[in-house]
Amino acid sequence: MTTPGQTYGVSPFFDPVAHDLGLSRAAVATAYTLGTLAGVLPAPFVGRWIDRRGPRVAGVLIGLALAVACVVMASSNSALSLTIGFAALRGAAIGALSVGEPARDQSVGS
């Protein structure tokens, strides 16, 4: 579920987004960078919230936040709204959803 916020999920859309919004590729990359930096800021708070509420409740709410972030991205019409969309997308997918992933047991035969 984190693919929409991952670089490999976003990068195929750089050129089409730049074209549709009339922005340079550098402007889209700047929006992506600023959105990434802003999106990661709430991660420590989200981690504590997940610890208190549990991964099931948090997963549902974060999944909904990711859906809203996708709508924001689809509605972007300027560099500012694109930056906000990237922040929401990166924050929900990378800064929140990936934090709530259950730990995998790395031991063999336990």
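This is a predicted model, so every value here is computed, not measured.

A. Molecular detail of the overall build of the chain. Along its length, the chain carries 6 helices and 0 strands. Counting helices and strands in the order they occur from the N terminus, the chain gives α-α-α-α-α-α. Counting across all 110 residues of the chain, residues that qualify as buried make up 34%. For the chain, long-range pairs separated by at least 24 residues make up 70% of all intrachain contacts whose partners lie at least 6 apart in sequence.

B. Broad picture of the confidence of the model for the chain. With 85% of its residues at a pLDDT of at least 70, the chain reaches an overall mean of 84. Per-element averaging of pLDDT across the chain places helix 1 (residues 7-10) at the bottom with 80 and helix 2 (residues 14-21) at the top with 93.

C. Up close: the packing of aromatic side chains. Going through the model one piece at a time under the given rule, you end up with 3 aromatic pairs. Ring centres of Phe 14 and Phe 86 lie 6.5 Å apart, and the angle between their planes is 35°; on these two criteria the pair is classed as tilted. On the criterion of sequence distance, the pair formed by Phe 14 in helix 2 and Phe 86 in helix 6 (residues 79-97) is long-range, its members being 72 residues apart. Neither Phe 14 nor Phe 86 differs from the other in exposure class; each is buried. Pairing Tyr 32 with Phe 86 gives two aromatic rings, centres 5.1 Å apart and planes at 85°, and the pair type is edge-to-face. Taken as a pair, Tyr 32 in helix 3 (residues 25-40) and Phe 86 in helix 6 lie far apart in primary sequence, 54 residues in all. A residue is classified by how much of its surface remains accessible, and Tyr 32, at 10% relative accessible area, is buried. Chaining the aromatic ring pairs together yields one cluster made of Phe 14, Tyr 32 and Phe 86.

D. Looking closely at the pattern of salt bridges. Following the criterion strictly, the structure yields 1 salt bridge and no others. Ionic pairing is found between Asp 15 and Arg 25, a salt bridge with its closest N-O pair at 2.8 Å. Residue Asp 15 is located in helix 2, and its partner Arg 25 is located in helix 3; the two are separated by 10 residues in the primary sequence. Looking at Asp 15, the relative accessible area reads 46%, which means it is partly exposed.

E. Expanded view of the environment of Val 68. You can see Val 68 is positioned in helix 5 (residues 55-75). Given a relative accessible area of 52%, Val 68 falls into the exposed group. Here the alpha-carbon distance between Val 68 and Ala 88, two residues 20 residues apart in the chain, equals 8.3 Å.

F. Up close: the side chain of Ser 76. Relative to the helices and strands, Ser 76 is located in the loop between helix 5 and helix 6. In this structure the side chain of Ser 76 is engaged in a polar contact, spanning 3.3 Å, whose partner is the backbone oxygen of Ser 81. Look past the residues within four positions of Ser 76 in its chain and what remains in contact with it is Leu 21, Ser 81 and Leu 82.

Cut-offs applied
Residues numbered from 1 in each chain as written. Predicted model: local features only at pLDDT ≥ 70, side-chain atom pairs only at ≥ 80, totals over all residues. Heavy atoms only, no water. Helix = DSSP H or I, 4+ residues; strand = E, 2+ residues; numbered from the N terminus. Buried < 20%, exposed > 50% of the residue type's maximum accessible area, 1.4 Å probe, protein only. Contact = heavy atoms within 4.5 Å. pLDDT = per-residue confidence, 0-100. Phe/Tyr/Trp six-rings, centres within 6.5 Å; stacked < 30°, edge-to-face > 60°. Salt bridge = Lys/Arg side-chain N within 4 Å of Asp/Glu carboxyl O. Polar contact = N/O pair within 3.5 Å; in protein donor to acceptor, adjacent residues only side chain to side chain.

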